[in-house]
Each structure stands twice: as structure tokens, then as C-alpha cells.
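# Descriptive analysis of the structure
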Amino acid sequence: MNLEGKQQIWKDYQKEIADDRYFYARSCIRQTFFPGSEWAYLDIMKNKLAKDVIDDPRHTTCTGIGYHSDIVPAETIMTVVARHFALMTEAGYENMTPSCITSFGIYTEILETWHHHPEVEEKIREFLWKATKREFKKPRNLAHTSDIIYKFRNEIAAQAKYKLVDVHTGRPLRGVDHIGCHYSKMFPTKGIGGAEFPAVLSGMIYAWGGDVIDYPERRHCCGFGFRQYLVMANRGYSVANSKKKFESMQPYEPDFIVANCPGCAMFMDKWQYTISEMEGTTYGQDGYGIPVLTYEELTALVLGYDPWEIGLQMHQVSVEPLLDKMGISYNPEAKFKNIRGEDIGVPKCPTYLRV
Amino acid sequence: MNCGVCTAICPAAEFYNYDPRVIVETVQRGNEEEIEELLKSDTIWYCGECMSCKTRCPRCNTPGLVIMALRKISQELGYFVYSEKGRQQYALKHVIGESILKRGYCVTPDLVKPEMHPEQGPVWEWIYEHLDDVYERTHSNYRQPGAGALREVDSESMDELRKIFDVTGGTEFLEKIDSCSQHVADKEKIDLEEAYFLKTYMENSGRHQ
């Protein structure tokens, strides 16, 4: 195939991402398990990249976890999302950037549904007016917050304090990327690289000096499965899927996992502990787990943010092996202290997983 | 279309005795008795809605969306209480549905109780015991007014959210789940919000693989 043909094909796997002026929609899961990631994202956008991002406190959940647990009807979630569009419109913004992959998938699904069925959009406009007396314009651009970081990955590289390189050996660090099912499996043209060529996170890793592991189960679900995790009786489904991924990636000796979706990041962190308790198995080096980061955490580390300020102490799998490889200086004594430096105890040690 | 690529890629088919190809085939056959049996079965509740089937279907069909439609009908007709996995809809309504309407979020930290989530491990247990300190350290605005992670959603926004549920049929749908579940709890002579909730949240007959 000639170069021109290849470039044409690759164009199908790109997407338009707005340059500036973003309406930010928070994530229920990310703010619960990785609140420091949301803070770091906004700080990086405003203070490192000089971008305009509005964080309107009046937006609520999109109800996505309820929708995919089948307790929230389609008309309801569409109208809740329409309210978010109304808040964006009222604030004078046109670019919607949800922090959650479930939300991103839902926003995409809704806009696609309205595109093909304008009568549904009309009905939702009526519902929104009846419930809130609000009106909205559809976003001109929809991008997940990781798309934004991807877009500015080279600007971030130019400001980097640390690289994804083992400072002791000079070897590029090997990262596993997990883009999350709802990022592009439903609407492949809406994600960078589509569902086949996951590029949004790997693009960041390469730009910051690391290497990417292409392992057999790279595209497999983390196992969230909504009701399959949320109901205790079903959690075997969830852990079994993550285990399949860990066993597939382990032979490649990853230095870290980076996840697009906050749920995936949480599961791949917590299930490593669970599997260690169930079977005595650990997947990292010397009895540690494989550190799991959100893409905001990875970005913040590269830019030199303090690991505890961005919340890495909230992870079950210790991140210190990765910090040491990157040559990041940190205060181990401060890890579990509160903001005033007071002692608030430390977590108990797992039976097998080294921390 | 009956190639079974959806089944080959399906994480649920790997874990459960589950086959999305057969479900779509059953729906397409249009036999009312078979479909009613399906709506009352555990089978339709095995899917994880990852939508991997959407990516792989050579004809761009989505068995996962067919499942979502079947689940909706099963609840509208009250058939979900006929199966162990279907009855779990009460647990989901009780935890996620009520959180949405009370707090404006699907999930909040205080919902993730360590005794209900042993898989979360000792670090989460430590976080749970020090919610205010940990969230303050990570720049959150936990349960406070204004912007920021985990902020308290203001009362006007909560009113609008609840009104949206009322206007769009969301409230009625949750009430339907409640009333069908209440009927079963009454028959079993157990309290809906405690014993029935715990039963639907924790019961696993082990007959699903």
C-alpha cells in the first residue's frame, strides 16, 4: 500500500478535538476513588496549558451507572444529559469534556441517537423544558478528558520534569494501556485509534519516553460489567475478567498500567489485592503488584506533581516501585498523613501483596 | 445472521452459561412463549453491557442493546422477580437508584462500605475511616457547597434532577421495581429494605456457570 493510502486509512481513526474553552463534567467513580486526578487535570489545564475550563457545580451525575444497570430508562438519562448541555449552553461554552468513560459513551450514544432520530431529540427537549424550563444547544465538540491530554501530549512533554524512563538503566518504561470498553467499542470513530488501534493512552506514553506493551488481552474488558460488580453475588465475573488480563500481560513485565476509565483503574488496582488474598498470586516484581494509574496521575507525575497531593496513597497497589524507576523524589513519611501533616494511622498490610 | 462472533468475544459467555447468539436468535424467532420464558430467566441478566459485541458484529448489530431492551421489558412486566439474577434489580435500585435521587451521584464514598466491599482492601478501609482527612488532602470538596470533587449538589439542581425522573418515567420505573420486589418480600415475610435487600445483594445459588 502506498503512503498516501495509509494516511487516508489512518485519518479514519482520528477525531476532532477542540483547542480551548471546555465544559468539564465530573465522574462519580473518578471523584470517589481518584479525586486527586480530577484536581490535577484542572490544575494542568489551567496552570500548565493555560486553557479555559469551566467546572459548573450544578451538574449532577449523568446517571450512566444506573442506565447500564438497567434501572434508569433511556428517556431519563437523555434528559439528564440534556440538562448538562443546557448548563454548558447557558455558560457560553460549546465543547463538552466528560471525565468518565461511561459518561463519554453515553453522551456519544445520545448524540448519535438524536442524529438518526431527530424526533427523539425533540421529545427530550420537551421533557427538559417541562422539568426545568431549560433549553440547550448540542455540543460542537465532544471529547473525553484523555483526548484533551492526548492532544497536548507534546506540550506536556516539553514541560516534563520526569520521563517514562528507568533512571537506573536508561530503559524506556513499559506501560500497559487500557482504554475502557465504552471509549470506542460502541462508536469506534469517536475514539482516537478506534477500537482496533488504541492510541489515546499509548500516544501519551510514547510522547513521554515510554514503551507500550501490546499483549493478547489488551482489548478485553476489565470486568466491571455494572451489575456484575455492583451486586456482591456477581463479583466473580468481575475479578475473573481482570485476572485474565493480568495473566496475559504479566509475561511482558509491565512497569505500570494506565487506564482511561476510572472504573477500570479502580478494578485493576483492587482486584490485584483480591487475587493475592484468594490465591497468593502477585503480578509485579518482588511480590508487589503492577502499579495502576489514571492518565491524569501519569501526566501529573511526568510534570512533577507530588505523588501524595494527587492521591496516589489511595491506591491499594503501591506506586513506589514506579516512582523509584522514574527517579521521582517523594517523602515516604508523608504518604498517609493528613493535609496538616498529622498522623491518621496507616492501612493494614495485605497477607501476600507487598506494599 | 447467526455467526456467533458476539459469543466468541463476550466476557459474559466466558464466565456464565450464556450465549448472546442464542438470545438474538430467540428474539428473532418471535415465539411469544419462548420470549416470556427468556424474560423470566436468569439468562438476560448475565450480560455486563461492555458492548464488545457491537465492535465485532460483521453486520453492526448489538446483542448487548437487545439485552437492554429485554431487561427493560422484563421489569415493566414484573417478570424480573422470577429469577435470582433478575431479583437483583432491587439491590441496584436500592443502592444506585436511591443514591442518584438523594445525592445526585450514582456512587459516593460512604456507599462503599468495607463490610460490603471486602475486595476494596485495607487502603480503602483506611480511607473510609478518614474520609474527611483523605478527601481534604486530595483537594476535594467532600459534602460541601460549591465546586470541586464530591461537592454537595445544591438543592435546586437536585429538584431539577428529581423532576426529570418524574417527567420522563424514571420515577415510575423505580417504583415498579419496588412494588414487584415488595410483593416477593411480603410473600417471604421478610423486610424489603433489610433482609430482602441483603438476599438480592448476596445470594448466589452457584447454578450460573
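Look up: the structure comes first, before these words.
A brief structural summary. (Residues numbered from 1 in each chain as written. Chains lettered and ligands numbered in written order. Predicted model: local features only at pLDDT ≥ 70, side-chain atom pairs only at ≥ 80, totals over all residues. Heavy atoms only, no water.)

### Comments concerning the side chain of asparagine 141 of chain B
Its place among the elements puts asparagine 141 of chain B in the loop between helix H9 (131–137) and helix H10 (155–168). When residues no more than four places from it in sequence are discounted, the contact partners of asparagine 141 of chain B are Gly146, Ala147, Gly148, Ala149, Leu150, Arg151 and Glu152 of chain B. (Helix = DSSP H or I, 4+ residues; strand = E, 2+ residues; numbered from the N terminus. Contact = heavy atoms within 4.5 Å.)

### Structural notes on the packing of helix H7 (residues 118–132) of chain A against H10 of chain B
Contact geometry for H7 of chain A and H10 of chain B: axes closest at 9 Å, N-to-C directions at 130°. As judged from the angle between their axes, H7 of chain A and H10 of chain B are oblique. Note that H7 of chain A runs across H10 of chain B; the crossing there is right-handed. Across the interface between the two elements, Phe127, Leu128, Lys130, Ala131 and Thr132 of chain A from H7 of chain A touch Glu160, Lys163, Ile164, Val167 and Thr168 of chain B from H10 of chain B. Considering only residue class, the contact of H7 of chain A with H10 of chain B consists of five nonpolar, two polar and three charged. (Axes fitted to C-alpha atoms, helices over the stretch in contact; angles between N-to-C directions. Parallel < 35°, antiparallel > 145°, perpendicular 65-115°, else oblique. Left-handed = near helix turned anticlockwise from the far one by under 90°. Nonpolar A, V, L, I, M, F, W, Y, C, P; charged D, E, K, R; others polar.)

### A closer look at the packing of helix H6 (residues 63–76) of chain B against helix H11 (residues 170–187) of chain B
All names here are of chain B. Two elements in contact, H6 and H11, have axes separated by 9 Å at closest approach and are oriented at 65°. In this structure, H6 contributes Lys72, Gln75 and Glu76 to the contact, and H11 contributes Phe173, Lys176 and Ile177. Residue composition of the contact of H6 with H11, grouped by class: two nonpolar, one polar and three charged.

### Structural notes on the sheet that holds strand E5 (residues 174–178) of chain A
Residues and elements named next belong to chain A. Here four strands make up an open sheet; going across it, the order is E6-E5-E7-E8 and the pairing parallel. Either end of the sheet is taken by a strand with one partner, and the two such strands are strand E6 (211–212) and strand E8 (292–294). Pairing of E5 with E6 involves two bridges; the strand directions are parallel. Across the sheet, glycine 175 pairs through a bridge with valine 212, a residue of E6. (Pairing = 2+ DSSP bridges.)

### Here's the deal with the packing of aromatic side chains
The geometry of an aromatic ring pair comes down to the distance between the two centres and the angle between the two planes. All names here are of chain A. Applying the stated criterion to the full structure yields 27 aromatic pairs over all chains. An angle of 85° between the planes, with centres 5.1 Å apart, marks the rings of tyrosine 13 and phenylalanine 197 as edge-to-face. Of this pair, tyrosine 13 sits in the loop between helix H1 (3–11) and strand E1 (22–25) while phenylalanine 197 sits in the loop between helix H10 (181–184) and helix H11 (200–207), and the two are 184 residues apart along the sequence. Its end group placed over the ring of phenylalanine 136, arginine 125 keeps NZ or CZ at 3.9 Å from the ring centre. Its end group placed over the ring of tyrosine 229, arginine 235 keeps NZ or CZ at 4.8 Å from the ring centre. (Phe/Tyr/Trp six-rings, centres within 6.5 Å; stacked < 30°, edge-to-face > 60°. Lys NZ or Arg CZ within 6 Å of the ring centre and 35° of its normal.)

### Re the interface of chain A and chain B
Many analyses report the size of an interface as the accessible area lost when the parts associate. Counting residues at the interface gives 90 residues for chain A and 83 residues for chain B. For the pair chain A and chain B, the summed buried area comes to about 7,300 Å², and 60% of that belongs to carbon and sulfur atoms. Inspection of the region where chain A meets chain B yields nine salt bridges. A salt bridge links arginine 134 of chain A to glutamate 160 of chain B; its shortest N-O distance comes to 2.9 Å. Ranked by residues supplied to the side of chain A that touches chain B, first place goes to helix H13 (residues 235–249) of chain A with six residues. Along the lines of polarity and charge, the residues of the side of chain A that touches chain B split into 39 nonpolar, 28 polar and 23 charged. (Buried area = accessible area lost by both parts, 1.4 Å probe. Salt bridge = Lys/Arg side-chain N within 4 Å of Asp/Glu carboxyl O.)

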